[in-house]
Structures are given as C-alpha cells and as structure tokens.
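Now for the letters of each chain:
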Amino acid sequence: PILKLSRGVMLLEIPSPASKRYAERSETQKLSCAAGNSTISQHERTIVKQIRKQTFEKEVEQKRKREVMEDHSSSGRLGQQHVRRSKKAKGPNPLSCKKKKMDGGGSSGGGGGGSSQADAGKKKRNRTHRKKT
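Here's a quick rundown of the structure. Please read these numbers as outputs of a predicted model, since none were measured by experiment.

### Looking at the overall build of the chain
No. 1: Across its full length, the chain carries three helices and two strands.
No. 2: Of the regular secondary structure in the chain, the N- to C-terminal order runs β-β-α-α-α.
No. 3: Of all 133 residues assigned to the chain, the portion counted as buried reaches 0%.
No. 4: Per element, the accessible surface of the chain, about 14,500 Å² overall, is 53% carbon and sulfur.

Structure below.
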C-alpha cells in the first residue's frame, strides 16, 4: 500500500494486485518452509486453513446478501414514483410593502414626515442639474 500526504491529510491507497500476490506468496512460504524446519506445527496449519475457509465463506455470503438487497431496492424504486408537491403561493414580503397613509390631521402617524398640514404649505424642491462641459 502507498501512503500519501496531501494538504495535511493522510491517504492510504489500495495495494495493487501484484503487491497482494507477493504478500500472499511470502505468507504461504512462511507457513510451509522448504527445508522442513517449519515455524508452526501441523495442527496450527490446519487451524489457519480452517479460519481462511470460514472468512472466505463469510465474504461470499456477504456479497450475496448485498446483491439481493440491491435487487430488492432497485425493484422497489421502479414501482414507486416520487410525487412532487406544487409550491404554494406565499404572502408578500412585509419589508417591501408600503405603509398605509393616515388621513387624520394629527401627527400621530409616527415615522418621517411630520404633519400633513405643514407639507401642504411647502413647495417641493426641484433638483438642479449640472451643465455638461
């Protein structure tokens, strides 16, 4: 396996098939020495073989279960179609709405204008435009 550092994150790549074969060969070589000077006994070898067989059977069983689950989930999706709900119309934005005008003569309107009688006596100022040069 290859270990890489990328921006402070450690990434461990999957070993290549050749690396897996080499590791398996070296493991089998350790288990069965050519000279007969075995590091483990015959009883231990049989136990290792049994454990390998059990783990292989478990892996095969898990693969079958995954395939069955994928088949069931894909067939269930085809039968049911997701129904989208239409979006409802929402009310207006309260910040963009104009406030209602007060018809009364008092200055109880609050906010920026003062009384309506004072506004009637004043003229609206016209903007003066600059001459282009």
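Past the structure itself, the notes keep going.
### Remarks on unusual backbone geometry
No. 1: At R7, a residue that is not glycine, the phi angle is positive and equals roughly 55°.
No. 2: On the secondary structure map, R7 appears in the loop between strand 1 (3-6) and strand 2 (9-12).

### Side note on the pairing of strand 2
No. 1: Across four bridges, the pairing between strand 1 and strand 2 is antiparallel. Paired with S6 across the bridge in strand 2 is V9.
No. 2: Here strand 1 folds back onto strand 2, and the loop between the two strands holds two residues, one of which, R7, carries a positive phi near 55°.

About the cut-offs
- Along each chain, numbering runs from 1 in the same order as the chain's sequence is written.
- Given that the model is predicted, a residue must reach a pLDDT of at least 70 before its local features are reported, and side-chain atom pairs must reach 80 or more before they are shown or counted; all residues, however, enter totals for whole chains, interfaces and linings.
- With hydrogens and water set aside, each side-chain value is computed from the structure's full complement of heavy atoms.
- Secondary structure counts use DSSP, requiring at least four H or I residues in a row for a helix and at least two E residues in a row for a strand, with both numbered from the N terminus.
- Each residue gets one of three labels from its accessible area relative to the maximum for its type: buried under 20%, exposed over 50%, partly exposed in between, using a 1.4 Å probe on protein chains only.
- Note that accessible areas follow from Shrake-Rupley with a 1.4 Å probe, and for residues the cover is restricted to the protein chains shown.
- At least two DSSP bridges between two strands are required for those strands to pair.

Note that every value here comes from positions in space, so none of it alone points to a role or purpose.
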